[in-house]
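The residues making up each chain are set out below.
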Amino acid sequence: MGAYYLRLALRALRNSPVLTALMVLALAVGIGASMTMLTVLHVLSGDPLPGRSAHLYYPQVDPRPLARNGDGDPQPPGLLTYIDAENLLRQGKAARAAVMYRGADVVQPPAGSVLHPFVVNSRLTGRDFFSMFEVPFRYGAPWSAADDAGAAHVAVISQSLDRKLFGGADSVGRMLNYGGHSFRIVGVLAHWRPVPRFYDLNSSRYGEVEDVFIPFNTARALDIGVNGTTNCFGQTTGNLDTSPCGYIQMWVQLGSAHAAAAYKRFLVDYSAQQHAAGRFQRKPNVRLDDLMQWLATNHVVPEDVRMQAWLALGFLLVCVVNTVGLLLAKFLRRSGEIGVRRALGASRRAIFAQLLIEAGMIGAAGALLGLLLTWLGLWLVRRQPSDYASLAHLEPSMLVATLALALIASLVAGLLPAWRACLIAPALQLKSS
């Protein structure tokens, strides 16, 4: 019976090629536009560390002076001062913790290289950075705890920098000249690009990771400068480490909700101690967001992407409504044929099923064309100057979603016309003919 319905549907579609093409095109354009924007939204709003994000937290305290118009912004700043970062790192009881900031300086190629000196970005952090964020290594490993404590001149470099300087060979043990200082390479990363780049939302949120990683204590001992946001809220001394300036991000790993609650109490107690000592002018004002909360707080997904996704879904709805109208006109135009079939004994259920199969075939054709339009749309997105543009690719899950959405849209569009066609009275159609 299913094969019979398919033959009827194919014959009906061939009998009205222009109307069929209009319906397929309407669904395809709606599917292509909506899935293009939904794919971009899906990529940008995904969990960068599935399975671990709920255990990673971003602590904040508020060392700012009282604003002249009251307390000013009630939210604590997102960057820590050097004093607070050191205190929280030393006093806090977290499974893992890492403080960090972003730098940039010149890399001097090895002797004999044809390369000229070039500037790269760096991440100045602790060894827990790599284990907390599951950073993959191609060669070597992170530096040791002793290297962290002793401000050793060691470094981890990215795969792209290793390829540029050493042709992609295992460079562990070789020397890197960065910022006029020599560092022994202890590890080379494999490809790693979290989306978004959650650990530092003050710079490019969807850009590549840094090329050089150096211990935090080493960076401060060498006075490696900050290539990122710096917020000062008082009289500076010319030295970031002693000035009331926030420039450090901090992440902690906490194994349970109980541990997170205990760490937040620690932040409150620490702020109260600093307030009592006269260093903090405000009463305890702390925040401890997990990774996904931190992304939401910072509105990581651009508002224009969300708006475009909603507009695309609205456009799809318009396309479905138009398809409903075209299907209704197509089915009612065949009232005579449907009346004859009903008079010959076909049930309403059979007529309804056959018409839905016809709508489903339109949806299948719309899905294939919509898939091509989605790829075209994503290709156009990748041509845009936005920092997230290069990430716009159709993942397998979104491919399945595209096909499913097209079929569902066509079947939904076919429900009303098929039901209306089933109500045709066979006697009236036979009499009129």
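Below is a short write-up of the structure.

Cut-offs used in this document
Residues numbered from 1 in each chain as written. Predicted model: local features only at pLDDT ≥ 70, side-chain atom pairs only at ≥ 80, totals over all residues. Heavy atoms only, no water. Buried < 20%, exposed > 50% of the residue type's maximum accessible area, 1.4 Å probe, protein only. Helix = DSSP H or I, 4+ residues; strand = E, 2+ residues; numbered from the N terminus. Pairing = 2+ DSSP bridges. Core = buried A, V, L, I, M, F, W, Y, C linked by side-chain atoms within 4.5 Å. Contact = heavy atoms within 4.5 Å. Expected span 1.5 Å × (residues − 1). Arc of directions from axis to C-beta. Phe/Tyr/Trp six-rings, centres within 6.5 Å; stacked < 30°, edge-to-face > 60°. Lys NZ or Arg CZ within 6 Å of the ring centre and 35° of its normal. Axes fitted to C-alpha atoms, helices over the stretch in contact; angles between N-to-C directions. Parallel < 35°, antiparallel > 145°, perpendicular 65-115°, else oblique. Left-handed = near helix turned anticlockwise from the far one by under 90°. Nonpolar A, V, L, I, M, F, W, Y, C, P; charged D, E, K, R; others polar. Polar contact = N/O pair within 3.5 Å; in protein donor to acceptor, adjacent residues only side chain to side chain.

1. Here's the deal with the pairing of strand β3 (residues 118–125)
It is a general feature of regular strands that their side chains alternate between the two faces of the sheet. Across the eight residues that make up β3, a large majority, six, are buried. Sheet topology note: the strand β2 (residues 96–108)/β3 ladder contains eight bridges and is antiparallel. Pairing of A104 across the sheet is with N121, part of β3.

2. Re the pairing of strand β5 (residues 154–157)
With burial as the criterion, each face of β5 is covered, one bearing V154 and V156 and the other bearing A155 and I157. Across four bridges, the pairing between β5 and strand β7 (residues 181–189) is parallel. Along β7, the bridge assignment pairs V156 with G187. Inspection of the sheet shows β5 paired to strand β8 (residues 212–215) by two bridges, in the antiparallel sense. Looking across to β8, one finds that I157 is bridged to V212.

3. Let's talk about the nonpolar core
Here is a general trend for soluble globular proteins: nonpolar side chains tend to be buried in one another's company. One finds F129, F133, Y199 and W251 to be the most contacted residues of the largest nonpolar core, which totals 67 residues. For this core, the leading source of residues is helix α2 (residues 17–44), giving eleven residues. Setting aside chain neighbours within four positions, we find F133 in contact with L49, L56, M100, W192, F198, Y199 and W251. Core analysis: the next-biggest nonpolar cluster, separate from the first, contains 42 residues, L80, Y178, I248 and L288 among them.

4. Side note on helix α8 (residues 257–276)
For an α-helix, the turn length of 3.6 residues means that residues three or four places apart are oriented alike. Across its 20 residues, α8 extends 29 Å between first and last C-alpha, which sits within 8% of the 28 Å expected from 1.5 Å per residue. Buried within α8 are the following residues: A260, Y263, F266, L267, Y270, S271 and Q274. End-on, the buried residues of α8 take up no more than an arc of 130°, which puts them together on one face. Opposite its buried face, α8 presents the exposed residues A257, H258 and A276, each directed more than 90 degrees away. Buried residues in α8 make contact with β1 (56–60), α3 (82–91), β11 (249–253) and β12 (287–290). Of the residues trailing α8, G278 is marked for its positive phi of about 90°.

5. Side note on unusual backbone geometry
With an omega dihedral of -5°, the bond running from V195 to P196 counts as a cis peptide bond. Residue H299 is not a glycine yet carries a positive backbone phi of 50°. Structurally, H299 can be placed in the loop between α9 (291–297) and α10 (303–332).

6. Here's the deal with the packing of aromatic side chains
Scanning all chains against the criterion turns up 23 aromatic pairs. Between Y58 and W294, the ring centres sit 3.9 Å apart and the planes meet at 15°, which makes this aromatic pair stacked. Here Y58 is found in strand β1, whereas its partner W294 is found in helix α9, with 236 residues between them in sequence. Both residues of the pair, Y58 and W294, belong to the buried class. With 5.8 Å between their ring centres and 85° between their planes, F198 and W251 make a pair best called edge-to-face. Here F198, found in the loop between β7 and β8, pairs with W251, found in strand β11; they are 53 residues apart in sequence, far enough to count as distant. These aromatic residues form a ring-pair network of at least three members: Y58, F129, F130, F133, F137, W143, W192, F198, Y199, F213, W251 and W294. The residue whose ring lies beneath K164 is F118, and the NZ or CZ to ring-centre distance is 3.8 Å.

7. A word on the packing of α2 against helix α12 (residues 348–382)
Remark: α2 packs on α12, axes separated minimally by 7 Å, with the N-to-C direction vectors making an angle of 40°. Here α12 runs oblique to α2, going by the angle between their axes. Relative to α12, α2 is oriented so that their crossing is right-handed. Mapping the contact onto sequence places M23, V24, L25, L27, A28, V29, I31, G32, M35, T36, T39 and V40 in α2 and I362, G363, A365, G366, L369, G370, L373, T374, G377, L378 and V381 in α12. Residues of the contact of α2 with α12, tallied by class, amount to 15 nonpolar, eight polar and no charged.

8. A short note on the side chain of D84
With respect to the helices and strands, D84 occurs in helix α3. D84 gets classed as buried once you look at its relative accessible area, which sits at 0%. Here Y270 takes part through its side chain, which lies 2.6 Å from a polar atom of the side chain of D84. Residue contacts for D84: discarding those within four places in its chain leaves V61, P63, Y270, R279 and F280.

9. Topic: the packing of α3 against α8
For the pair α3 and α8, the least separation of the axes is 12 Å and the interaxial angle reads 130°. Comparing their axes, α8 and α3 come out oblique. Of the two elements, α3 crosses α8, and the hand of that crossing is right-handed. Between α3 and α8, the contacting residues are I83, D84, N87, L88 and Q91 on the first element and Y263, F266, L267, Y270 and Q274 on the second. Looking at the contact of α3 with α8, its residues break down into six nonpolar, three polar and one charged.

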